[in-house]
Amino acid sequence: MRVLLALLMLFATASVSAADALQAVLERHLREDVAWWLDEPRMATLLRDNSARNAVLDADAIAAFEQRWQAELEQGDGELTGHVMSRFASKYLAEVVLRMDGAYGNLVALDARGLVAAAAELPERSYLGDDRLVQALDGAPWLLEGRVESGVFTRVAMPVEDPQSGARIGTLLLEVDAAKLASAGSLRPAKRN
(Lines give C-alpha, C1' and ligand atoms only; values in the text may rest on other atoms or scores of the structure.)
Protein backbone atom coordinates (compact mmCIF):
# COMPACT_ATOMS: atom_id res chain seq x y z
CA MET A 1 0.00 0.00 0.00
CA ARG A 2 2.83 2.40 0.86
CA VAL A 3 4.52 1.66 -2.46
CA LEU A 4 1.29 2.41 -4.32
CA LEU A 5 0.81 5.66 -2.39
CA ALA A 6 4.42 6.66 -3.07
CA LEU A 7 3.99 5.92 -6.78
CA LEU A 8 0.78 7.96 -6.93
CA MET A 9 2.47 10.89 -5.21
CA LEU A 10 5.46 10.64 -7.56
CA PHE A 11 3.13 10.54 -10.58
CA ALA A 12 1.15 13.56 -9.31
CA THR A 13 4.36 15.52 -8.71
CA ALA A 14 5.68 14.61 -12.17
CA SER A 15 2.37 15.62 -13.77
CA VAL A 16 2.38 19.01 -12.04
CA SER A 17 6.03 19.50 -12.96
CA ALA A 18 5.34 18.57 -16.61
CA ALA A 19 2.35 20.94 -16.75
CA ASP A 20 4.46 23.74 -15.25
CA ALA A 21 7.20 23.07 -17.80
CA LEU A 22 4.70 23.20 -20.69
CA GLN A 23 3.24 26.42 -19.29
CA ALA A 24 6.74 27.94 -19.18
CA VAL A 25 7.48 26.82 -22.76
CA LEU A 26 4.23 28.37 -23.99
CA GLU A 27 4.73 31.64 -22.12
CA ARG A 28 8.31 32.00 -23.39
CA HIS A 29 7.08 31.27 -26.93
CA LEU A 30 4.35 33.91 -26.69
CA ARG A 31 6.70 36.50 -25.21
CA GLU A 32 9.58 35.94 -27.61
CA ASP A 33 8.62 34.10 -30.79
CA VAL A 34 5.04 35.24 -31.37
CA ALA A 35 6.00 38.82 -30.54
CA TRP A 36 8.82 38.52 -33.09
CA TRP A 37 6.76 37.15 -36.01
CA LEU A 38 3.82 39.40 -35.16
CA ASP A 39 6.11 42.40 -35.62
CA GLU A 40 5.33 42.39 -39.36
CA PRO A 41 4.58 45.98 -40.47
CA ARG A 42 1.93 44.91 -43.00
CA MET A 43 0.00 43.14 -40.22
CA ALA A 44 -0.12 46.36 -38.21
CA THR A 45 -1.21 48.33 -41.28
CA LEU A 46 -4.01 45.85 -42.03
CA LEU A 47 -5.30 45.85 -38.45
CA ARG A 48 -5.04 49.65 -38.16
CA ASP A 49 -6.95 50.14 -41.44
CA ASN A 50 -9.61 47.51 -40.67
CA SER A 51 -10.09 48.87 -37.15
CA ALA A 52 -10.62 52.40 -38.45
CA ARG A 53 -13.02 51.27 -41.19
CA ASN A 54 -15.06 48.91 -38.97
CA ALA A 55 -15.25 51.12 -35.87
CA VAL A 56 -18.52 52.60 -37.12
CA LEU A 57 -20.30 49.28 -37.67
CA ASP A 58 -23.37 48.73 -35.51
CA ALA A 59 -24.81 45.38 -34.39
CA ASP A 60 -27.06 45.11 -37.47
CA ALA A 61 -24.12 45.64 -39.85
CA ILE A 62 -22.08 43.02 -38.01
CA ALA A 63 -25.01 40.58 -38.14
CA ALA A 64 -25.33 41.14 -41.91
CA PHE A 65 -21.59 40.64 -42.27
CA GLU A 66 -21.87 37.37 -40.33
CA GLN A 67 -24.76 36.12 -42.49
CA ARG A 68 -22.74 36.78 -45.62
CA TRP A 69 -19.73 34.99 -44.10
CA GLN A 70 -21.85 31.94 -43.25
CA ALA A 71 -23.37 31.81 -46.74
CA GLU A 72 -19.92 31.95 -48.32
CA LEU A 73 -18.61 29.22 -46.01
CA GLU A 74 -21.56 26.99 -46.96
CA GLN A 75 -21.01 27.49 -50.69
CA GLY A 76 -17.25 27.03 -50.33
CA ASP A 77 -16.15 30.44 -51.56
CA GLY A 78 -17.19 34.01 -52.02
CA GLU A 79 -15.96 37.55 -52.36
CA LEU A 80 -15.70 38.28 -48.62
CA THR A 81 -13.97 35.06 -47.53
CA GLY A 82 -11.82 35.07 -50.67
CA HIS A 83 -10.73 38.62 -49.93
CA VAL A 84 -9.72 37.69 -46.37
CA MET A 85 -7.76 34.64 -47.53
CA SER A 86 -6.05 36.51 -50.38
CA ARG A 87 -4.50 39.06 -48.04
CA PHE A 88 -0.79 38.98 -47.39
CA ALA A 89 -1.49 38.67 -43.66
CA SER A 90 -3.52 35.47 -44.14
CA LYS A 91 -0.80 33.94 -46.27
CA TYR A 92 1.75 35.03 -43.69
CA LEU A 93 -0.22 33.37 -40.86
CA ALA A 94 -0.61 30.19 -42.96
CA GLU A 95 3.17 30.15 -43.51
CA VAL A 96 3.75 30.50 -39.75
CA VAL A 97 1.43 27.53 -39.10
CA LEU A 98 3.20 25.47 -41.77
CA ARG A 99 6.69 26.28 -40.52
CA MET A 100 5.78 25.46 -36.90
CA ASP A 101 5.23 21.83 -37.92
CA GLY A 102 2.03 20.98 -36.05
CA ALA A 103 2.56 23.22 -33.02
CA TYR A 104 -0.21 25.55 -34.21
CA GLY A 105 -3.79 24.87 -35.13
CA ASN A 106 -5.31 28.04 -36.53
CA LEU A 107 -4.11 31.63 -36.23
CA VAL A 108 -6.68 34.41 -36.58
CA ALA A 109 -6.05 38.15 -36.52
CA LEU A 110 -9.03 40.28 -35.45
CA ASP A 111 -9.37 44.00 -35.84
CA ALA A 112 -10.23 46.16 -32.82
CA ARG A 113 -13.95 45.61 -33.48
CA GLY A 114 -13.50 41.82 -33.30
CA LEU A 115 -13.93 41.06 -36.99
CA VAL A 116 -11.62 38.63 -38.79
CA ALA A 117 -8.97 40.56 -40.69
CA ALA A 118 -6.70 37.62 -41.56
CA ALA A 119 -6.50 33.90 -40.80
CA ALA A 120 -4.39 30.89 -41.60
CA GLU A 121 -7.73 29.06 -42.15
CA LEU A 122 -11.19 30.58 -42.27
CA PRO A 123 -12.83 30.40 -38.84
CA GLU A 124 -16.46 29.38 -38.48
CA ARG A 125 -17.49 32.96 -37.68
CA SER A 126 -16.40 36.36 -38.95
CA TYR A 127 -17.17 38.20 -35.72
CA LEU A 128 -15.23 36.98 -32.70
CA GLY A 129 -15.42 40.12 -30.59
CA ASP A 130 -17.88 38.29 -28.34
CA ASP A 131 -15.40 35.45 -27.68
CA ARG A 132 -14.85 35.31 -23.92
CA LEU A 133 -11.05 35.26 -24.29
CA VAL A 134 -11.16 38.37 -26.47
CA GLN A 135 -13.51 40.14 -24.07
CA ALA A 136 -11.49 39.23 -20.98
CA LEU A 137 -8.14 40.28 -22.47
CA ASP A 138 -8.33 43.83 -21.16
CA GLY A 139 -4.79 44.82 -20.15
CA ALA A 140 -3.31 41.30 -20.02
CA PRO A 141 -0.35 40.36 -22.23
CA TRP A 142 -2.30 37.21 -23.17
CA LEU A 143 -4.98 34.87 -21.84
CA LEU A 144 -5.14 31.10 -22.05
CA GLU A 145 -8.28 28.99 -22.17
CA GLY A 146 -7.96 26.04 -19.84
CA ARG A 147 -4.80 24.26 -18.80
CA VAL A 148 -1.76 23.69 -20.95
CA GLU A 149 -1.61 19.96 -21.69
CA SER A 150 0.58 17.81 -23.89
CA GLY A 151 -1.02 16.87 -27.20
CA VAL A 152 -3.91 19.35 -26.79
CA PHE A 153 -4.31 22.71 -28.48
CA THR A 154 -4.59 25.55 -25.99
CA ARG A 155 -6.51 28.61 -27.16
CA VAL A 156 -4.66 31.87 -26.55
CA ALA A 157 -5.71 35.48 -27.09
CA MET A 158 -3.08 38.22 -27.37
CA PRO A 159 -3.63 41.92 -27.92
CA VAL A 160 -1.99 43.47 -30.98
CA GLU A 161 -0.73 47.00 -30.43
CA ASP A 162 0.05 49.61 -33.02
CA PRO A 163 3.86 49.96 -33.09
CA GLN A 164 3.46 53.68 -33.84
CA SER A 165 0.89 54.72 -31.23
CA GLY A 166 0.84 51.83 -28.76
CA ALA A 167 -2.97 51.66 -29.07
CA ARG A 168 -4.63 48.27 -29.31
CA ILE A 169 -5.56 47.67 -32.94
CA GLY A 170 -6.59 44.05 -32.72
CA THR A 171 -6.31 40.62 -31.20
CA LEU A 172 -4.48 37.50 -32.24
CA LEU A 173 -6.19 34.18 -31.51
CA LEU A 174 -3.89 31.16 -31.49
CA GLU A 175 -4.37 27.45 -31.07
CA VAL A 176 -1.07 26.09 -29.71
CA ASP A 177 0.18 22.65 -28.69
CA ALA A 178 2.88 23.58 -26.18
CA ALA A 179 4.40 20.09 -26.26
CA LYS A 180 5.14 20.46 -29.98
CA LEU A 181 6.70 23.92 -29.61
CA ALA A 182 10.04 22.56 -28.42
CA SER A 183 10.43 20.22 -31.38
CA ALA A 184 9.18 22.86 -33.84
CA GLY A 185 11.87 25.31 -32.78
CA SER A 186 11.74 29.02 -33.38
CA LEU A 187 11.06 31.09 -36.48
CA ARG A 188 13.46 33.75 -35.23
CA PRO A 189 16.90 33.66 -36.81
CA ALA A 190 19.67 32.46 -34.54
CA LYS A 191 21.71 35.23 -32.93
CA ARG A 192 25.23 35.60 -34.20
CA ASN A 193 28.07 36.44 -31.85
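Since this is a predicted model, take the numbers as computed values, not measurements.

Description of the sheet that holds strand 2 (residues 116-119)
Turning to step 1, where the next piece is worked out: Strands sit in the order 2-1-5-4-3 across an open sheet of five strands; the sheet is antiparallel. With partners counted over all chains shown, the strands left at the sheet margins are strand 2 and strand 3 (143-145), one partner each. Between one strand and the next, the sheet's axes are offset by a mean angle of 20°, whatever the strand orientation.

Quick notes on the pairing of strand 2
Turning to step 1, where the next piece is worked out: Relative to strand 2, strand 1 (residues 104-111) is paired through three bridges, and the arrangement is antiparallel. Looking at the pairing, Val108 lines up with Ala119 of strand 2.
Turning to step 2, where the next piece is worked out: Connecting strand 1 to the antiparallel partner strand 2 that follows it, the hairpin turn spans four residues, and Gly114 within it adopts a positive phi of roughly 100°.

Observations concerning helix 4 (residues 79-86)
Turning to step 1, where the next piece is worked out: Of the residues making up helix 4, those classed as buried are Leu80, Thr81 and Val84. The buried side chains of helix 4 occupy one side of the element, clustering within an arc of 95° when seen end-on.
Turning to step 2, where the next piece is worked out: For helix 4, the elements touching its buried residues are helix 3 (59-75), helix 5 (88-99) and strand 2.

Focus: the pairing of strand 1
Turning to step 1, where the next piece is worked out: Across the eight residues of strand 1, eight count as buried, placing the element largely inside the fold.
Turning to step 2, where the next piece is worked out: Across six bridges, the pairing between strand 1 and strand 5 (residues 168-176) is antiparallel. Residue pairing in the sheet places Ala109 in a bridge with Leu172 of strand 5.

Basis of the calculations
Residues numbered from 1 in each chain as written. Predicted model: local features only at pLDDT ≥ 70, side-chain atom pairs only at ≥ 80, totals over all residues. Heavy atoms only, no water. Pairing = 2+ DSSP bridges. Helix = DSSP H or I, 4+ residues; strand = E, 2+ residues; numbered from the N terminus. Axes fitted to C-alpha atoms, helices over the stretch in contact; angles between N-to-C directions. Buried < 20%, exposed > 50% of the residue type's maximum accessible area, 1.4 Å probe, protein only. Arc of directions from axis to C-beta. Contact = heavy atoms within 4.5 Å.

Fair warning: the whole summary comes from geometry, so function is off the table for now.
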